[in-house]
Protein chains: 2
Amino acid sequence: MLDVLDVPDGPRGGTGSPGPGGGPVAVPAAGVLRRCRAVVRPALVDAIGGLHPWTGEMAAYALGWADTAGTPDPRGSEGKGVRQALAVLGAEAVGATAADAVPAAVAVELVHTFSLLHDDIMDADALRRQRPAVWRTYGTGPAVLAGDALLARAVTVLAGAPGDHAAGAVRRLCGTLDDLVSGQAEDLRFERRPWTGPGAVGPEQYRSMAENKTGALLGCALALGAVLGGAPDPTATAFERAGRHLGLAFQAVDDLLGLWGDPAATGKPVHADPRRGKKTYPVLAVLAGGGSAARELAALLPAPAPSPSSPPASSPGIDAATAERVAALVEEAGGRTATREEAHRQLEAACRALRTVPSARTAARELDILFTGLLDRTW
Amino acid sequence: MLDVLDVPDGPRGGTGSPGPGGGPVAVPAAGVLRRCRAVVRPALVDAIGGLHPWTGEMAAYALGWADTAGTPDPRGSEGKGVRQALAVLGAEAVGATAADAVPAAVAVELVHTFSLLHDDIMDADALRRQRPAVWRTYGTGPAVLAGDALLARAVTVLAGAPGDHAAGAVRRLCGTLDDLVSGQAEDLRFERRPWTGPGAVGPEQYRSMAENKTGALLGCALALGAVLGGAPDPTATAFERAGRHLGLAFQAVDDLLGLWGDPAATGKPVHADPRRGKKTYPVLAVLAGGGSAARELAALLPAPAPSPSSPPASSPGIDAATAERVAALVEEAGGRTATREEAHRQLEAACRALRTVPSARTAARELDILFTGLLDRTW
């Protein structure tokens, strides 16, 4: 990560870069995630197993558990399980057990998978974790259905949580679903809005979109774990705020990678975001700064997608040379620095929000490890 | 309706056919629906108003409230509001007020709109209530998003119902969502399965699909009204059973109209279902009966859609003359009679299930009016 974001000293998720002996160094965050996935896995398998066999097959494919023949996927395309880990740590932080968090962990993981599945349709993204997206493999209609099945199952699992906290948890998840959909709506609309002038997207609007689209579910995961763990409402709300800031930090790093990331590490083409005309923080920050750099940059950027109903793929985009010039110009004009600062600021705000809650020591340490480690995308 | 289904004597929803003076006769069911819509409308408007403006615009279009410019739709394409009415009557039947049912009524109406929106994408249906479907007007991606927004809002509204019954209501709605998605999955799979031989769809499998796809939400609507009205679980479950049978009766009438309905009344082409190769009860009943009629019929029917991921529209279908021959053959072989009998049987089972619950008199009468009136599609 060091080439993208200079994380300050403190608990680290590790870099995944070669260790002293040449082999990869241990990544503490990876260990935290692995432990949490192991706790949640049986219930997640149960939740998928209860689906209609066809939607279950698509869900297993979307989760990276199986290829299209339903056999375990040798490419190991499974996600890290960040959201389920946050739910587990949220419960443990308030003195409950990992088992208490499991319905919340399953719910947020299913909601995340649902949103990837539907967003890939909306964004016309053909690849997801180096494999064809569900809609490319099974067709658009079936992919819509599989997403619906996952969303329905997520709420079902959470509503069925034992104890007295299910109702409050469901209300919290519902608020997050509303936010998620609003965030995706904003993101789709942004692609059709101009870079400058009336109707242009400003960095503040971008941040609000990213908080809904990325931050809300991370915050919800942490909060739901605390809710099912019996925490009072203010604790859950503080955790939710922490997760939202984490999401904004995560998005800022994503934006850095989308402009300057190494294709070998990101799995995306070089200068992926400007090439497809995607509006991200570094570019919007420079444009908002005005002046000659902003004017020069605006002249290079592609026109927005032609109509509200046309898919994002219909955006004309720009060629590789222009994208390289965009990346250089954004860097010269301070967009890269501004985005690094945004990531740091949000990460610090996340950690501050966490520290407002007196947490069980081990969980607090693991949350610190996870929060900083998550911003490292090289492992 | 009389040309499609001879409803037995008893409370009637009315026929909408010319009355003695030549004008349309009053339709009691229409009055019941109108009263319930008026009770629910403000909360439904609020629920849509709380959406992101863009998804809200699509939702208002889907509900038939507005055209694409957001102005009231002069064509009046609003649905009857059957599900919201069932929720209201479910509460009133157990001695609660219509107001108690409102969150349930809003939730089921939003779920219904969500399912129409997504099903039209999956089924490649370009028209809905004589207007272009949402995905044709706004694009597939935005229509997916609008459906997601409606589903999320449905659960949000129900989870926020005042009193102590919201949690139980949400659990019941979740079970219904699972059933809805399973029913749609079955329906999509049926289009790719053969008419006869190994893997053929039998009438029992068809009934199970229709119960999930059509019956579950009708049953849920009635049950949720009762739940929010404070009814004990067995009452809600009896209501749910009643609504499921009603759904099966409704589907049987739909199948009769899809084969022999008057295009002027249905808004669909003549012999719409066989032309597009849709598997429905009358045809499946004849095929299941075997013999020469079944063999002759099977030879006329179109091949199933080629692959699991191809859209239903890729089914080859059959021409008008062949469809007419299919309709005649199904009628000769008893498929029309069998489907009428199915509709009667399910309507009677629905009314029987209703009568297992001692209900407030006015609501019981209105439910009777609604149950029989709903099978009449001519008004």
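Keep in mind it's a predicted model, so treat the numbers as computed, not measured.

1. Let's talk about the overall build of chain A
- The number of helices and strands found in chain A is 16 helices and two strands.
- Taken over 379 residues, chain A has a buried fraction of 58%.
- Taking the contacts inside chain A whose residues are at least 6 apart along the sequence as the reference set, 74% of them involve residues at least 24 apart.
- Of the roughly 14,100 Å² of accessible surface on chain A, a fraction of 54% belongs to carbon and sulfur atoms.

2. A word on the nonpolar core
- Within the largest apolar cluster, 200 residues are counted, with the highest numbers of intra-cluster contacts made by A:Leu86, A:Phe371, B:Leu86 and B:Phe371.
- For B:Leu86, the contacting residues outside a window of four places in its chain are B:Leu218, B:Ala221, B:Leu222, B:Leu246, B:Leu367, B:Leu370 and B:Phe371.

3. Looking at the interface of chain A and chain B
- Taken together, the contacts link 39 residues of chain A with 39 residues of chain B.
- Taken together, the two surfaces of chain A and chain B that pack against each other cover about 3,100 Å², and 73% of this comes from carbon and sulfur.
- Applying the counting criterion to the chain A and chain B interface returns two salt bridges.
- In this structure, the salt-bridge partner of A:Asp178 is B:Arg153, at a minimum N-O distance of 3.3 Å.
- Here chain A is connected to chain B by eight residue pairs in polar contact (both at pLDDT 80 or more).
- Those elements that place two or more of their residues in the side of chain A that touches chain B are helix H2 (53-62), helix H4 (98-122), helix H5 (134-138), helix H6 (140-159) and helix H7 (166-190) of chain A.
- Split by residue class, the side of chain A that touches chain B holds 21 nonpolar, 12 polar and six charged.

4. Re the relation of the copies chain A and chain B
- When chain A is fitted to chain B, the residual RMSD is 0.0 Å, and the transformation amounts to a turn of 180° plus an axial shift of 0.0 Å. The relationship between the two copies is best expressed as a two-fold rotation axis. Minimal C-alpha separation from the rotation axis in chain A is found for A:Ala167, amounting to 2.6 Å.
- The share of interface residues of chain A whose copies in chain B are also at the interface is 100%, consistent with both copies meeting through the same surface.

5. Structural notes on the packing of helix H2 (residues 53-62) of chain B against helix H6 (residues 140-159) of chain B
Residue and element names in this part refer to chain B.
- Closest axis-to-axis distance for the H2/H6 pair is 9 Å, and the angle between their directions is 90°. Taken together, H2 and H6 sit at an angle that is classed as roughly perpendicular. Residue-level contacts link Trp-54, Thr-55, Met-58 and Ala-59 of H2 to Pro-142, Ala-143, Leu-145, Ala-146, Ala-149 and Leu-150 of H6.
- Of the residues contributing to the contact of H2 with H6, the split by class is nine nonpolar, one polar and no charged.

6. Concerning the pattern of salt bridges
Residues and elements named next belong to chain A.
- Counted by the stated rule, this structure contains 38 salt bridges over all chains.
- Glu-92 is the partner of Arg-35 in a salt bridge, and the nearest nitrogen-oxygen pair spans 2.8 Å. Of the two residues, Arg-35 sits in helix H1 (residues 28-49) while Glu-92 sits in helix H3 (residues 82-93), which places them 57 residues apart along the sequence.
- With a closest N to O distance of 3.8 Å, Arg-325 and Glu-332 form a salt bridge.
- Salt bridges sharing partners connect three or more residues here, namely Arg-172, Asp-179, Glu-211, Asp-233, Glu-240 and Arg-244.

7. Let's talk about the side chain of B:Glu109
Residues and elements named next belong to chain B.
- Residue position: Glu-109 is located in helix H4 (residues 98-122).
- Of the side chains with opposite charge, Arg-83 comes closest to the buried, unpaired Glu-109, at an N-O distance of 5.4 Å.
- Apart from residues lying up to four places away in sequence, Glu-109 is in contact with Leu-44, Gly-81, Arg-83 and Gln-84.

8. Describing empty space enclosed by the protein
Residue and element names in this part refer to chain A.
- In this structure the tally under the stated criterion is 10 cavities of 30 Å³ or more.
- Counted as a void, the largest cavity has a volume near 120 Å³.
- Ranked by residues supplied to the lining of the largest cavity, first place goes to H4 with four residues.
- The class makeup of the residues in the lining of the largest cavity is seven nonpolar, three polar and four charged.

9. Observations concerning the environment of B:Arg336
Residue and element names in this part refer to chain B.
- Turning to its location among the elements, Arg-336 is positioned in helix H15 (residues 335-355).
- Arg-336 sits in the buried class, given a relative accessible area of 15%.
- Taking C-alpha positions, Arg-336 is 9.2 Å from Ala-285, a pair spaced 51 residues apart along the chain.

10. Digging into the environment of B:Trp195
Residues and elements named next belong to chain B.
- Along the chain, Trp-195 falls in the loop between helix H7 (166-190) and helix H8 (203-228).
- For Trp-195, a relative accessible area of 8% puts it in the buried group.
- Put simply, Trp-195 and Asp-125 are 70 residues apart on the chain and 22 Å apart in space, counted from C-alpha to C-alpha.

11. Digging into the packing of aromatic side chains
- Summed over all chains, the structure comprises four aromatic pairs over all chains.
- Judged by centre distance (6.3 Å) and plane angle (50°), the rings of A:Tyr206 and A:Tyr281 are tilted. Of this pair, A:Tyr206 sits in helix H8 (residues 203-228) while A:Tyr281 sits in helix H12 (residues 281-289), and the two are 75 residues apart along the sequence. When sorted by exposure, A:Tyr206 lands in the same class as A:Tyr281, which is buried.
- It is B:Arg131 that lies over the ring of B:Tyr61; its NZ or CZ is 3.9 Å from the centre.
- Over the ring of B:Trp195 we find B:Lys279, and its NZ or CZ is 4.5 Å from the ring centre.

12. With respect to unusual backbone geometry
Residue and element names in this part refer to chain B.
- Residues other than glycine seldom take positive phi values, yet Ala-124 does so here, at roughly 55°.
- By the element assignment, Ala-124 lies in the loop between H4 and strand E1 (127-128).
- For Arg-129, which is not a glycine, the phi torsion comes out positive at approximately 50°.
- Position of Arg-129 among the secondary structure elements: in the loop between E1 and strand E2 (131-132).
- Looking at Arg-129, the relative accessible area reads 30%, which means it is partly exposed.

13. Re the confidence of the model for chain A
All names here are of chain A.
- Per-residue confidence for chain A gives a mean pLDDT of 88, with 88% of residues at or over 70.
- Contacts for the low-pLDDT stretch residues 6-24, under 50 throughout, to residues beyond four places or in other chains number 38 contacts.
- Reported for the predicted complex are a pTM of 0.91 and an ipTM of 0.89.

The rules behind these values
Residues numbered from 1 in each chain as written. Chains lettered and ligands numbered in written order. Predicted model: local features only at pLDDT ≥ 70, side-chain atom pairs only at ≥ 80, totals over all residues. Heavy atoms only, no water. Helix = DSSP H or I, 4+ residues; strand = E, 2+ residues; numbered from the N terminus. Buried < 20%, exposed > 50% of the residue type's maximum accessible area, 1.4 Å probe, protein only. Contact = heavy atoms within 4.5 Å. Areas by Shrake-Rupley, 256 points an atom, 1.4 Å probe, with all protein chains shown as cover. Core = buried A, V, L, I, M, F, W, Y, C linked by side-chain atoms within 4.5 Å. Buried area = accessible area lost by both parts, 1.4 Å probe. Salt bridge = Lys/Arg side-chain N within 4 Å of Asp/Glu carboxyl O. Polar contact = N/O pair within 3.5 Å; in protein donor to acceptor, adjacent residues only side chain to side chain. Nonpolar A, V, L, I, M, F, W, Y, C, P; charged D, E, K, R; others polar. Least-squares fit on C-alpha atoms with pLDDT ≥ 70 in both. Axes fitted to C-alpha atoms, helices over the stretch in contact; angles between N-to-C directions. Parallel < 35°, antiparallel > 145°, perpendicular 65-115°, else oblique. Lys, Arg positive; Asp, Glu negative; His and termini not counted. 1 Å grid on protein atoms, 1.4 Å probe; cavity = no way out; pocket = protein on both sides within 12 Å on 5 of 7 lines; lining within 4 Å. Points joined across faces, edges and corners; volume = space filled by probe spheres on them. Phe/Tyr/Trp six-rings, centres within 6.5 Å; stacked < 30°, edge-to-face > 60°. Lys NZ or Arg CZ within 6 Å of the ring centre and 35° of its normal. pLDDT = per-residue confidence, 0-100.

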